[in-house]
2 protein chains.
Amino acid sequence: MVSIKIGLFGLGTVGCGIVDVIAKARNANAEIKRICVRDKNKQRKTAVAPEIITDSKDDIFNDAEINLIVEVIDDPNASYEIVTEALRKRIPVVSGNKTMLARHLPELIKLQQEYSTALLYDASACGSIPVIRNLEEYYDNDLLLEVKGILNGSSNYILSQVFDHNESYNNALKRAQDYGYAESDPSFDIDGYDSLFKLVIITVHALGVYVSPDDVFTYGISHISDYDINYAKEKNRKLKLVAQVIKINDDNFCMFVMPEFVAPSRYIYSVDDEYNGIVIRGECYDRQFMFGKGAGSLPTASSILSDIMARLHGYKYEYKKMNYAARPSYTTDIKLKVYIRYQHTNIPELLPFIKIHERYNSEKTNYVVGDIILSDLLRFSDILNADDVFIANIPNFFEDTEYKSSNETI
Amino acid sequence: MVSIKIGLFGLGTVGCGIVDVIAKARNANAEIKRICVRDKNKQRKTAVAPEIITDSKDDIFNDAEINLIVEVIDDPNASYEIVTEALRKRIPVVSGNKTMLARHLPELIKLQQEYSTALLYDASACGSIPVIRNLEEYYDNDLLLEVKGILNGSSNYILSQVFDHNESYNNALKRAQDYGYAESDPSFDIDGYDSLFKLVIITVHALGVYVSPDDVFTYGISHISDYDINYAKEKNRKLKLVAQVIKINDDNFCMFVMPEFVAPSRYIYSVDDEYNGIVIRGECYDRQFMFGKGAGSLPTASSILSDIMARLHGYKYEYKKMNYAARPSYTTDIKLKVYIRYQHTNIPELLPFIKIHERYNSEKTNYVVGDIILSDLLRFSDILNADDVFIANIPNFFEDTEYKSSNETI
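Predicted model, so just to flag it, every value in this text is computed and none were measured.

What counts, and at which threshold
Residues numbered from 1 in each chain as written. Chains lettered and ligands numbered in written order. Predicted model: local features only at pLDDT ≥ 70, side-chain atom pairs only at ≥ 80, totals over all residues. Heavy atoms only, no water. Helix = DSSP H or I, 4+ residues; strand = E, 2+ residues; numbered from the N terminus. Rg over C-alpha atoms; globule rule 2.2 N^0.38 Å. Buried < 20%, exposed > 50% of the residue type's maximum accessible area, 1.4 Å probe, protein only. Contact = heavy atoms within 4.5 Å. Areas by Shrake-Rupley, 256 points an atom, 1.4 Å probe, with all protein chains shown as cover. Lys, Arg positive; Asp, Glu negative; His and termini not counted. Charge placed at Lys NZ, Arg CZ, Asp CG, Glu CD. Least-squares fit on C-alpha atoms with pLDDT ≥ 70 in both. Pairing = 2+ DSSP bridges. Right-handed = clockwise from strand over helix to strand, strands pointing away. Axes fitted to C-alpha atoms, helices over the stretch in contact; angles between N-to-C directions. Parallel < 35°, antiparallel > 145°, perpendicular 65-115°, else oblique. Left-handed = near helix turned anticlockwise from the far one by under 90°. Nonpolar A, V, L, I, M, F, W, Y, C, P; charged D, E, K, R; others polar. Phe/Tyr/Trp six-rings, centres within 6.5 Å; stacked < 30°, edge-to-face > 60°. Lys NZ or Arg CZ within 6 Å of the ring centre and 35° of its normal. Salt bridge = Lys/Arg side-chain N within 4 Å of Asp/Glu carboxyl O.

Asker: Any chance you could explain the overall build of chain A here in plain terms?
Answerer: Tallying secondary structure elements over chain A gives 14 helices and 17 strands in all. For 410 residues, the compact-globule estimate of 2.2 N^0.38 gives 22 Å, and chain A sits close to it at 22 Å. In terms of overall dimensions, chain A has a C-alpha envelope of 70 × 50 × 35 Å along the principal axes. The buried share of chain A, reckoned over its 410 residues, is 64%. Sequence-distant contacts in chain A: of pairs separated by 6 or more residues, those separated by 24 or more amount to 73%. Working note: accessible area of chain A is about 15600 Å², and carbon and sulfur atoms make up 43% of it. With 45 positive and 58 negative side-chain charges, chain A shows a spacing of 3 Å between the two charge centroids.

Asker: Honestly, the relation of the copies chain A and chain B in this entry has me stumped. Any pointers?
Answerer: Two chain copies, one operation linking them: a rotation about an axis together with a shift along it. Between the two copies, chain A and chain B, the superposition gives an RMSD of 0.0 Å; the rotation angle is 180° and the shift along the axis is 0.0 Å. Accordingly, the operation relating the two chain copies is best matched by a two-fold axis. Minimal C-alpha distance to the rotation axis in chain A is attained by A:Met290, lying at 2.3 Å. Taken as a fraction of all interface residues of chain A, those also at the interface in chain B reach 100%, which identifies the copy contact as same-surface.

Asker: Explain the pairing of strand β4 (residues 68–71) of chain A to me, please; I cannot follow it from the model alone.
Answerer: A regular strand places its side chains on the two faces of the sheet in alternate fashion. Residue and element names in this part refer to chain A. Along β4, one buried face is formed by Leu68 and Val70 and the opposite face, lined by Ile69 and Glu71, is buried too. In this structure, strand β1 (residues 4–9) lies alongside β4, joined through four bridges in parallel fashion. Note that in β4 the partner of Gly7 across the bridge is Ile69. Direction of pairing for β4 relative to strand β5 (residues 93–95): parallel, over a ladder of three bridges. Paired with Ile69 across the two strands is Val93, which belongs to β5. With helix α3 (residues 76–88) bridging β4 and its parallel neighbour β5, the resulting β-α-β unit is right-handed.

Asker: Help me understand the packing of α3(A) against helix α4 (residues 98–114) of chain A in this model?
Answerer: All names here are of chain A. Viewed as axis vectors pointing N to C, α3 and α4 meet at an angle of 15°, and their least axial separation amounts to 11 Å. Here α3 is positioned roughly parallel relative to α4, judged by the angle of their axes. Remark: the crossing between α3 and α4 carries right-handed chirality. Contact with α3, carried on its side by Pro76, Ser79, Tyr80, Val83, Thr84, Leu87 and Arg88, involves Thr99, Met100, His104, Glu107, Leu108, Leu111 and Gln112 of α4 and no other residues of that element. A class-by-class count of the residues in the contact of α3 with α4 yields seven nonpolar, five polar and two charged.

Asker: Explanation requested: unusual backbone geometry in the structure shown.
Answerer: Working note: non-glycine residues mostly have negative phi, and peptide bonds are mostly trans. Of note in this structure, A:Tyr319 is not a glycine but carries a positive phi near 50°. Residue classification places A:Tyr319 among the buried positions, given a relative accessible area of 4%. Within the chain, B:Ser116 stands out as a residue other than glycine whose phi angle is a positive 45°. As for its placement among the helices and strands, B:Ser116 is situated in the loop between α4 (98–114) and β6 (119–120).

Asker: What am I meant to see in the pairing of strand β7 (residues 144–150) of chain A here?
Answerer: Residue and element names in this part refer to chain A. Here β7 lies mainly inside the structure; seven of its seven residues are buried. Pairing geometry for β7 and strand β11 (residues 275–282), over six bridges, is antiparallel. By the bridge assignment, Ile150 is partnered in β11 with Gly277. Bridging between β7 and strand β9 (residues 238–247) involves four bridges; their strand directions are antiparallel. When the bridges of β9 are listed, Lys148 appears paired with Gln244.

Asker: How do you make sense of the packing of aromatic side chains when you look at a structure like this?
Answerer: The description of two aromatic rings rests on the distance between their centres and on the angle between their planes. Evaluation of the coordinates by the stated rule reveals 39 aromatic pairs over all chains. Aromatic pair A:Phe217 and A:Tyr219: ring centres 6.3 Å apart, planes at 15°, arrangement stacked. Residue A:Tyr219 is classed as buried on the basis of its relative accessible area, which comes to 4%. Pairing B:Tyr231 with B:Tyr367 gives two aromatic rings, centres 4.8 Å apart and planes at 70°, and the pair type is edge-to-face. Residue B:Tyr231 is located in helix α10 (residues 226–234), and its partner B:Tyr367 is located in strand β16 (residues 366–373); the two are separated by 136 residues in the primary sequence. Each of the two residues, B:Tyr231 as well as B:Tyr367, counts as buried. Looking at A:Lys238, its charged tip hangs above the ring of A:Tyr269, at a distance of 4.3 Å from the centre.

Asker: What am I meant to see in the pattern of salt bridges here?
Answerer: It is possible for side chains of opposite charge to pair when their charged atoms get near one another. In this structure the tally under the stated criterion is 46 salt bridges over all chains. The salt bridge partner of B:Asp194 is B:Lys98, with a shortest N-O separation of 3.9 Å. With a gap of 96 residues between them, B:Asp194 in helix α9 (residues 193–207) and B:Lys98 in helix α4 connect regions that are remote in the sequence. As far as the burial class goes, B:Asp194 and B:Lys98 line up, both buried. Notably, a salt bridge pairs B:Arg281 with B:Glu146, separated by 2.7 Å at the nearest N-O pair. Of this pair, B:Arg281 sits in strand β11 (residues 275–282) while B:Glu146 sits in strand β7 (residues 144–150), and the two are 135 residues apart along the sequence. When its relative accessible area of 7% is taken as the criterion, B:Arg281 is described as buried. Among the residues examined, B:Glu146 registers a relative accessible area of 4% and is labelled buried. Ionic contacts of the salt-bridge type, sharing partners, join the residues A:Asp164, A:Lys238, A:Lys240 and A:Asp272 into one network.

Asker: I'm lost on the environment of B:Val262 in this one. Help?
Answerer: Tracing the sequence through the fold places B:Val262 in strand β10 (residues 252–262). When the C-alpha atoms of B:Val262 and B:Leu196 are compared, they prove to be 19 Å apart, with 66 residues separating the residues in sequence.

Next comes the structure, spelled out in structure tokens:
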């Protein structure tokens, strides 16, 4: 049996988790041979022999015994440098950097083929939930219609506090930061970019198509107000930050990240706190639901251990669906039904609604519920990002499409 | 790309589903070349060219073009004959027969190695939920502690009718039969054997250990009475038929199939109707929950399609965990806390309880809640199977063990 000698980049929260998890995995036949960090003298949460720590990447790249590189560093540029250098040197590499992956996947797929070297990154989307591996291996056929889920633990924790514990948004955000669920700059999580990058990676493995993150409508929860929360509660809904990719017919699919009104009957309604949940919908198997801890040191590290074990058995992603003759195309030409709340910005005037279903005006706030084309949301992002505006999706309103998500309307 | 020419055995509910699903899978590169059935002249639910239907198995085994055999017949003996003949002829084979697999897995694993030929059977446990593949590939390390779930759709449908719709047990059973969820002889489902066989297969892939079905305590729901249902409702619990395999420490694990009082906070509490749900618990990732349709023509067929596609890419189970140096051993020497309801059979006298926590006697019924060793439940199965007796597990009561499932007590 091959034994795995790992060169690890990064010894932060996840890096320390990997050290702990590998120590627990008695049958893994894996060993961390060298760890490259920025600051050799920093105090660490884990006990590592000081002599294996280095601040020179060449101590890893030039060590002929190292047969797997694992990188769990925050900086996407440094992550890109490490991953591409590893592939070019034909050293298999495991990465957890979703920002880097979502931006560079097409190039990284080519590099893997050119140098016949594997890059694995199951930990990058939803930590311990094996979503990429299942899309790649198990749902590797034409039956897949939709992948939809709560992909970001921090924003979900905040929304859970607000909806289940009647906490204010600001207090919930502060508590998430205290618990270490949200970064000190939480915009990556709460503005939806973390979910977006995961969705881009998932879509490559779900439908075999890469869509640049810049082309995907992404809207987070930072503008949410008590008006929106009350509106949702009156309708017996929770607001959740949902990422979704949906085949609207055999030839086209759409994708977006947006707060959504979720009914109690939906699986993702019960995905609370820092958990992630994903629904995979197919033509014959209806809905599959996977649920688990999406973030945190040990869940992410255990997912990286799965990638490490997979390398032990020579596993690599085949990107089979990218070679399918009939791949669907990305479209934003799809009608959505949305709720938009606003104060000063005159939303009904400024946005090209196809139809307005509801309109509410008061001295304190206003909202409109209407049909609008997804591409127009992208086009008018600036207006939607005004401080006094908040938009949320009212789900399952695909008209004139072959596959209806369900009959539910809010 | 290899193309798959399938020889199919069986054209019942699942067989017809496979024909439909393969027709939908445009990129699958798979074709059903021959179908072997018992009765060539029977009316079928699916449109198949009559000339590919045969009643002679040799028409499949002697067709050199056929490179994959798929068998979805009910009879475990015939299934065994087909699968072993296929392996000996070095033709890869996909099987959905859980009874046959649970009884013959050790021999079938040897045959696969001896003839370097793959047998796949993801559809055999929980239909469209990819539980075997995930245990084999993703949770292939020492961190796994427990797999616990609702593995049988028919009995779960009946219990859902009883608990959520206040239906009587007998009416619910009848309705399940009308809907085709339960066989006309429903004992396979409701006496727990279907769950047991799935659990035996799951345990091979979860812990690398085969346990004969005869050695596993198995108790179904056919003795359930209104007293038990009311008891559960008073405690705000649902009774579910639960199969579980649990590592109780590094060296030992236990397994059993038994009705269980499930609290609303548990994931499986919300697994209703004909659905299946599985919780995979690990040392670092806490709990993963997978949920989906566990039975039915198309869900099962789509799972078989996943096995077919896997063969297209040369996939086979490696049974890696069977080669681990440190595999845990099966034990029944574990203390459980159980509820036993009885009428005439004097349960507190007849069973060797370690401790009795509660005792209730009335003119109409009696019950006892006590601690008992699992091996004593196996030993006194006859008593527990008396018509007036019903037993259910009160979960998470492992004492003196390293890993506690949770702090919950009923």
